[in-house]
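A look at the structure
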Amino acid sequence: PEKIFVNPKAIISIALAYPSTIKDEPKRIRGERRGEFARASWGRDYHFILRERLNELIDFMQREIDPSAKFKPMVDTGELIDVAVAARAGIGFIGKNGLLITKEFGSYVYLGEIITDIAFEPDELVDYDCGDCSRCITGCPTQALLGNGKINAQRCLSYQTQTKDYMPEEYRKKMGRVIYGCDICQIVCPYNQGVDNHLHWEMEPDYNKVRPELESMLSLSNKEFKNQFGDMAGSWRGKKPLQRNSIIALANYRDRTSVPTLLKLIDTDPRPMIRGTAAWAIAKIMRRNPNEELITFLEMALEKETELETISEFEQAIEELKRELYKY
């Protein structure tokens with residue numbers, strides 16, 4: 001704190017609980033293919049919500065404690081490590097999954113902090129922890145958790161869903177239908193069982209936003225994407241990663257009705273990574289029902305490609321379909 005603030009005397013940590021279920025969630029329609037956003041992206045972007053709450057708290061302290069006091073609020077993108085500050089402030093403890101876990105709200109909390117030159121008495125650390133539990137470690141599908149609260153970030157599915165290039169194939173099936181983030185290490189945590197808080201109206205999820213129709217995602221313009229998803233935390237990387245993930249999710253559904261849409265992407269989309277991922281998805285969907293017409297289409301599309309990674313995706317897709325069709 002001394003490196004970024006003059007005369008720091010205390011750090012005030014806050015946590016706001018967010019929902020873990022969608023109220024009045026409609027029943028799924030048979031044949032409808034929807035993706036999912038992780039819970040941390042439900043509702044309005046939490047960065048804005050927390051900043052507003054922190055500013056209200058600062059206004060209160062300036063009014064009630066010291067009008068001349070100085071403050072530096074931070075949410076997620078600041079210099080401090082949110083979970084470390086919150087643990088030292090006694091809000092909760094850092095679990096084996098690297099998340100801040102509270103007794104009241106589990107790990108379903110957003111974190112923020114304020115550095116100030118007001119000297120507050122420090123709170124005590126909590127007296128509970130993970131104990132012998134290792135459900136998050138065994139539950140992580142990519143073995144990203146190291147068992148000591150640390151994480152191999154590049155193996156985390158949440159990280160993989162936010163990259164802009166090709167997703168390595170080892171993660172594609174494990175991604176399932178979650179097109180942004182990952183909640184598995186939270187879902188399996190005993191501290192989160194039965195936890196579902198609807199305390200802040202801004203955090204309430206819009207079903208059609210957090211469970212979007214996958215094929216519709218593939219045809220969104222930049223303007224349409226911004227209008228539909230722009231106020232969500234999960235939109236920060238733009239539409240390209242989410243569209244790539246939507247293609248992967250359709251492959252994981254084995255949804256044959258989406259093949260015409262995927263073929264259209266290969267034929268018309270200007271982005272090589274999207275075309276290559278679509279070719280991969282078609283091979284996965286049609287692996288048990290390949291035909292020569294489909295293979296010919298992919299071979300002709302391949303002739304137009306120039307990027308090595310995209311060429312490789314097409315070649316593997318074609319080979320997979322040929323191997324199944326010709327039984328070699």
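Refer to the structure above for everything that follows.
Bear in mind the structure is a predicted one, so any value in this text is a computation, not a measurement. (Residues numbered from 1 in each chain as written. Predicted model: local features only at pLDDT ≥ 70, side-chain atom pairs only at ≥ 80, totals over all residues. Heavy atoms only, no water.)

**Section: the packing of aromatic side chains**
As a reminder of what qualifies: Each Phe, Tyr or Trp ring (for Trp, its six-membered ring) is paired with any other whose centre lies within 6.5 Å, and the angle between the two planes then decides the class: stacked below 30 degrees, edge-to-face above 60, tilted in between. Helix and strand definitions here come from DSSP, where helices need a minimum of 4 consecutive H or I residues and strands a minimum of 2 consecutive E residues; each element is numbered from the N-terminal end. Relative accessibility decides the category of a residue: with a 1.4 Å probe and only protein chains considered, values under 20% of the type maximum give buried, values over 50% give exposed, and everything between is partly exposed. Remark: a charge is flagged as sitting over a ring if the NZ atom of Lys or the CZ atom of Arg is within 6 Å of the ring centre and within 35 degrees of the ring normal.
Under the criterion given, the structure shown has 9 aromatic pairs. Between the aromatic rings of Phe93 and Tyr128, the centroid separation amounts to 5.6 Å while the plane-to-plane angle is 90°, which identifies the pairing as edge-to-face. Of this pair, Phe93 sits in strand 4 (residues 93–94) while Tyr128 sits in the loop between strand 6 (109–116) and helix 3 (135–139), and the two are 35 residues apart along the sequence. Considered together, Phe93 and Tyr128 belong to a single accessibility category, that of buried residues. Here the aromatic rings of Phe93 and Tyr191 are separated by 5.5 Å at their centres, their planes lie at 65°, and the arrangement is edge-to-face. Of this pair, Phe93 sits in strand 4 while Tyr191 is found in the loop between helix 6 (184–187) and helix 7 (207–210), placing the two residues 98 residues apart along the sequence. A relative accessible area of 7% means that Phe93 is categorised as buried. Above the face of the Trp280 ring, Arg172 is positioned so that its terminal group lies 4.9 Å from the ring centre.

**Details of the side chain of Arg275**
Keep this limit in mind: Two N or O atoms form a polar contact when they lie within 3.5 Å of each other; inside protein one atom must be a possible hydrogen donor and the other a possible acceptor, and for residues adjacent in sequence the pair counts only when both atoms belong to side chains. Contact definition: two residues touch when any of their heavy atoms are within 4.5 Å.
Along the chain, Arg275 falls in helix 12 (residues 272–285). A distance of 2.8 Å separates a polar atom in the side chain of Arg275 from the backbone oxygen of Asp269. The residues contacting Arg275, other than those within four sequence positions of it, are Leu265, Ile266, Asp269, Pro270, Glu305 and Phe314.

**A short note on the layout of surface pockets**
Under the convention used in this document: A pocket here means an open set of points on a 1 Å grid, computed over the protein atoms alone, that has protein on both sides within 12 Å along at least five of seven lines. A cavity is instead a set of points where a 1.4 Å probe fits but cannot get out; residues with an atom within 4 Å of a point line either one. Grid points are joined across faces, edges and corners, and a volume is the space filled by probe spheres set on the points. Three classes are used: nonpolar for Ala, Val, Leu, Ile, Met, Phe, Trp, Tyr, Cys and Pro, charged for Asp, Glu, Lys and Arg, and polar for all others, with Gly counted as polar.
Each pocket or cavity is described by its volume, and for the largest pocket that value is around 1,400 Å³. Along the walls of the largest pocket sit 42 residues, with Tyr46, Asp76, Leu99, Ser158 and Gln162 positioned nearest its centre. Looking at the lining of the largest pocket, the elements that each hand over two or more residues are helix 1 (46–64), helix 2 (82–88), strand 6, helix 4 (157–160) and helix 6. Residues that form the lining of the largest pocket fall into these classes: 26 nonpolar, 11 polar and 5 charged. Computed from the structure, the second largest pocket encloses a volume of approximately 360 Å³. Looking at the second largest pocket, it is lined by 16 residues, and the ones nearest its centre are Ala10, Ile11, Ile12, Pro122 and Asp123. Breaking the lining of the second largest pocket down by element, the ones donating at least two residues are strand 1 (10–17) and helix 2. Counting residues per element, the lining of the second largest pocket draws most heavily on strand 1, at 4 residues. In the lining of the second largest pocket, the residues fall into 10 nonpolar, 1 polar and 5 charged.

**Comments concerning the sheet that holds strand 1**
What counts, and what does not: Being paired, for any two strands, means DSSP has found at least two bridges between them. To obtain an axis, a line is fitted to C-alpha atoms, over the contacting stretch when the element is a helix, and the angle between two such axes runs from 0 to 180 degrees between their N-to-C directions.
Ordered by their spatial adjacency, 3 strands build an open sheet running 1-6-3, and the pairing between neighbours is antiparallel. The two strands at the open ends of the sheet, each matched to only one other strand, are strand 1 and strand 3 (71–74). Going across the sheet, the axis of each strand differs from the next one's by a mean of 20°, ignoring polarity. By the bridge criterion, 8 bridges tie strand 1 to strand 6 in an arrangement that is antiparallel. Bridging across to strand 6, Ser13 finds its partner in Glu113. Contacts from helix 1 reach strand 1, strand 3 and strand 6 within the one sheet, and its direction differs from that of strand 6 by about 35°.

**Some details on the environment of Cys130**
By secondary structure assignment, the location of Cys130 is in the loop between strand 6 and helix 3. In contact with Cys130, other than residues within four places in its own chain, are Phe93, Gly95 and Lys96.

Coordinates in, geometry out; function isn't part of it.
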